[in-house]
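Examining the three-dimensional arrangement
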Amino acid sequence: MASGKEIRGKIKSVENTKKITKAMEMVAASKMRKAQDRMRSARPYSDKIRNIAANLSQANPEYTHPFLVKTNAARKVGFIVVSTDKGLCGGLNTNVLRAVTTKLKEFEAQGVGIEATAIGNKGFGFLNRIGTKVVSHAVQLGDTPHLEKLIGPVKVLLDAYQDGKLDAVYLCYTKFINTMKQEPTIEQLLPLAAEKLEGDKDTHSWDYIYEPEAKTVIDELLVRYVEALIYQAVAENIASEQSARMVAMKSASDNAGNVIGELKLVYNKTRQAAITKELSEIVAGAAAV
């Protein structure tokens, strides 16, 4: 049995760990609220630009943007993998990277080539470890995502798709459901799915006056639309990260409290055993005299 001094040292160590996890829980809770507000404020913009893109694509059927053209068989696909820069957020990264691995194996079994863009340190390191070709990456985004940091790495895949080098692009991230639930999501980003470009349900048709021309306007708008989808995915992932970290740190603090209780019980038993032994020695010595 460990001595009382060793057990006191363990209790002190676990108490220090509990202080750290409790502080991290409070910080994550504060950041989580800001991340959720940022995520919700980005949703109206995404919805509005989606409706405008849908109406423009329906109003000018003689021109079809490359983002809307579907291919019959994929020869090479691209993946945009959104993960976190830091750990200590439970199984958040593990779940989304497991889903990515399953999808990659499906394409590899079909003989489809794969290129990837990593957003976040964890995904970047994972893709390198499994040997996936990473054509661009963005790391150290911080708690507030900035679109100018995302455009460059993502544009590599968008340009490759427009040039016909890729047949599809998939977006992989963790979708925020609520504080206790985050869902790993893999959705097709390009070509843009028909259900994502559902315009207004009204019966009237849209007619636009384009300046300078329809092609220029639609090209620019659809690129902005895709960038809005990616920004929204990153914002959702950051909100999920802070929520998962808060829950993980709360669980760690609770577990530390349980460990401290068990160690104190062991310490008391050890101390009582030592006292009993000393009393027994005193009584035995007195009887011998």
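The model shown is predicted, which means the values in this text are computed figures rather than measured ones.

1. Observations concerning the sheet that holds strand E4 (residues 168-178)
- Here 5 strands make up an open sheet; going across it, the order is E3-E2-E1-E4-E5 and the pairing mixed. The sheet terminates laterally at strand E3 (133-138) and strand E5 (181-190), the two strands that pair on one side only. Pairwise comparison of adjacent strand axes, ignoring direction, gives a mean angle of 20° for this sheet.
- As paired strands, E4 and E5 are joined by 9 bridges and run antiparallel to one another. Considered in E5, the bridge of Phe176 is made with Gln182.

2. Side note on the state of the cysteines
- Considering all chains together, one arrives at 0 disulfides under this definition.
- Lacking any disulfide linkage, Cys89 is separated from the closest cysteine sulfur, that of Cys172, by 17 Å.
- For Cys89, a relative accessible area of 3% translates into the label buried.

3. Regarding a nonpolar patch on the surface
- On the surface, a cluster of nonpolar side chains totalling about 300 Å² of accessible area is made up of Ile275, Leu279 and Ile282.
- Position of Ile282 relative to the elements: it lies in helix H5 (residues 214-288).

4. Things to note about the environment of Lys215
- Along the chain, Lys215 falls in helix H5.
- Lys215 sits in the partly exposed class, given a relative accessible area of 43%.
- The spatial distance from the C-alpha of Lys215 to the C-alpha of Thr64 is 8.7 Å, given a sequence separation of 151 residues.

5. Here's the deal with unusual backbone geometry
- The residue after Leu190, namely Pro191, is reached through a cis peptide bond having omega -10°.
- The residue Leu88 is not glycine, and still its phi comes out positive at about 60°.
- As for its position among the elements, Leu88 is in the loop between strand E1 (76-82) and helix H2 (92-109).
- Not every positive phi belongs to a glycine, and Gln140 is a case in point at roughly 55°.
- With respect to the helices and strands, Gln140 occurs in the loop between E3 and helix H4 (147-162).
- Residue Gln140 is classed as exposed on the basis of its relative accessible area of 51%.

Rules behind the numbers
- In this convention, every chain numbers its residues from 1, walking through the sequence in written order.
- Restriction of local features to residues with pLDDT of at least 70 applies here, the model being predicted, together with a cutoff of 80 or more for giving and counting side-chain atom pairs; totals for whole chains, interfaces and linings are based on all residues.
- Processing note: side-chain calculations cover all non-hydrogen atoms of the structure and skip hydrogens and water entirely.
- In this analysis, strands are considered paired if DSSP registers two or more bridges between them.
- Numbering of helices and strands runs from the N terminus, with a helix taken as a DSSP run of H or I at least four residues long and a strand as a DSSP run of E at least two residues long.
- Only the stretch in contact is used when a helix axis is fitted, and all axes are lines through C-alpha atoms; the angle between N-to-C directions ranges over 0 to 180 degrees.
- Note that a disulfide, as used here, is simply two cysteine sulfur atoms within 2.5 Å.
- Note on classification: 1.4 Å probe, protein chains only; a residue is buried when its accessible area is under 20% of the maximum for its type, exposed when over 50%, partly exposed between these limits.
- Patch building starts from residues that exceed 30% relative accessible area and form no salt bridge, then joins like charges within 9 Å and nonpolar side chains (Val, Leu, Ile, Met, Phe, Trp, Tyr) within 5 Å.
- Only the protein chains shown count as cover for residues, and all accessible areas are computed by the Shrake-Rupley method using a 1.4 Å probe.
- Put simply, a salt bridge is a Lys or Arg side-chain nitrogen that is within 4 Å of an Asp or Glu carboxyl oxygen.

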